[in-house]
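Architecture at a glance
Here are the chains, one letter per residue:
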Amino acid sequence: MSLTDKISERVRAVPRSGIREFFDLVLAAGDVISLGVGEPDFSSPWHIREAAIHSLEKGQTSYTSNLGLLELRRSISKYVKNFFHVEYNPNTEVLVTVGVSEALDIAFRSLLNPGDEVIYHEPCYVSYSPTIYMAYGVPVVVNTKGEDDFALRAADVEKAITPRTKVIMLNFPTNPTGSVMPKAELEGIAELAKQHDLIVITDEIYSELLYDDRVHHSIAALPGMKERSILMHGFSKAFAMTGFRLGYACSPPELTEAMMKIHQYSMLCAPITAQIAATEALEHGAGPMEQMRKAYWRRRNMVVSSLNASGLSTFIPGGAFYVFPDIRSTALTSREFATKLLEEEKVAVVPGTAFGKAGEGFVRCCYCTSEEKLAIALERIGNFAKRYQR
Ligand code: PLP
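Residues numbered from 1 in each chain as written. Predicted model: local features only at pLDDT ≥ 70, side-chain atom pairs only at ≥ 80, totals over all residues. Heavy atoms only, no water.

On to the sheet that holds strand β11 (residues 350–351), then. Sheet architecture is open: three strands sit in the order β9-β12-β11, paired in antiparallel fashion. The open sheet has two edge strands, β9 (322–323) and β11, and neither has a second partner. For β11 and strand β12 (residues 363–366), the ladder comprises two bridges, and the chain directions are antiparallel. Counterpart to Pro351 in the pairing with β12 is Val363. (Pairing = 2+ DSSP bridges. Helix = DSSP H or I, 4+ residues; strand = E, 2+ residues; numbered from the N terminus.)

Bringing the sheet that holds strand β5 (residues 165–171) into the picture now. The sheet built from seven strands is open, its strands ordered β2-β8-β7-β6-β5-β3-β4 with mixed pairing. Across the chains shown, the open sheet's two edge strands, defined by having one partner strand only, are β2 (94–97) and β4 (138–143). Sheet twist, expressed as the mean angle between neighbouring strand axes with direction ignored, is 20°. Looking at chain direction, β2 and strand β8 (residues 247–250) are connected through four bridges and run antiparallel. Bridge pairing in β8 places Val96 opposite Tyr248. (Axes fitted to C-alpha atoms, helices over the stretch in contact; angles between N-to-C directions.)

Turning our eyes to something else, we now look at the domain arrangement of the protein. What the domain assignment lists for the protein is domain 1 (3–44 + 287–388) and domain 2 (60–284). For domain 1 versus domain 2, the distance between C-alpha centres works out to 24 Å. Each side of the interface is counted separately: domain 1 has 39 residues, and domain 2 has 40 residues. The contact between domain 1 and domain 2 buries some 3,100 Å² in all, and 64% of this surface belongs to carbon and sulfur atoms. Here domain 1 is connected to domain 2 by two salt bridges. For the salt bridge of Asp212 with Arg300, the shortest nitrogen-to-oxygen distance reads 2.8 Å. For the pair domain 1 and domain 2, the interface holds 16 residue pairs in polar contact (both at pLDDT 80 or more). Listing elements by their share of the side of domain 1 that touches domain 2, those giving two or more residues are α2 (9–13), α12 (286–309) and β9. With seven residues, α12 is the single largest residue contributor to the side of domain 1 that touches domain 2. Classifying every residue of the side of domain 1 that touches domain 2 by side-chain character gives 24 nonpolar, eight polar and seven charged. (Domains from an automatic or database assignment. Contact = heavy atoms within 4.5 Å. Buried area = accessible area lost by both parts, 1.4 Å probe. Salt bridge = Lys/Arg side-chain N within 4 Å of Asp/Glu carboxyl O. Polar contact = N/O pair within 3.5 Å; in protein donor to acceptor, adjacent residues only side chain to side chain. Nonpolar A, V, L, I, M, F, W, Y, C, P; charged D, E, K, R; others polar.)

Quick look at the structure:
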């Protein structure tokens, strides 16, 4: 008997994440400076950990409402109103999930019939295309370009719309490029969504991590968009809470109810300890978050100027904690660059192709590493780039 034959065709067809595959090589290489994993190097701020510890001391170890603790949903609603300028009713329009990861999965599963198309932009976060596909949807890619600092243009989105399009998926600031969305393009995409009666899913996970006095705009806040958007956000990045596995989806009641049905049967609820910690983060986390954001900003400046000086042309990303240098001045593909850099200099970066074909010619460097380690890694990358310059 072949167990592989028993696996569903869709799951068999989905490749493993290119990041994971690459990180097996990193583990084997040992003693490496990693600019690889997209995860804060800070522990969750102490007041958040303390809230989690106290909740355990008090014996708060039960299930919660399927939607999540009402106190947390109220905090989310208040936070989203202040930060994104969209109002959601905590009783009917907020669902607490196990990270943005779960929110994505249940959103696609609740919206898509077999063959429905989802337009999304590449290079992008590795899970969009497989998650759409496993929900029986058809992922439709719009490529963004290095020459255009990986901005998404409404005109390109328009060209990808067909009678089967149901959803447009956005992520700004973007993983892996750090690109932010010009407001005019966001407005253009909102008009397209209204004109073609489409749902927009907006993954806002990096929205607090913006630099150079930028102000974040969510498409859900534009006129006529709340009623056709699912706004997703989480605690992993700006609050440095990846291990708590907590996120949320805000949407009109019909969509929240649909997602809640899947969540109820598959997850039941998000962990209560994480929900209590997240409430603390929203209520009192602004100060520590700002300190981390400033540290990321300093590191971004350091990394961008060093890579440019090394001949790896790097645009200044407006947000997130990634830079996406152009490595085409070397004679290497993205994969060769990352593999040889790892072997020869013991520095891990991720090949741009892990984020879609449009990532060829680029690598992703995550600067969630101390400035001391970054300085060493950048010197090694500089030596490496010189060696392989065309
Ligand atoms: N969305 C984007 C764009 C990400 O980069 C990530 C993680 O790297 C996620 C979602 C997953 O986030 P979470 O930890 O909330 O599941």
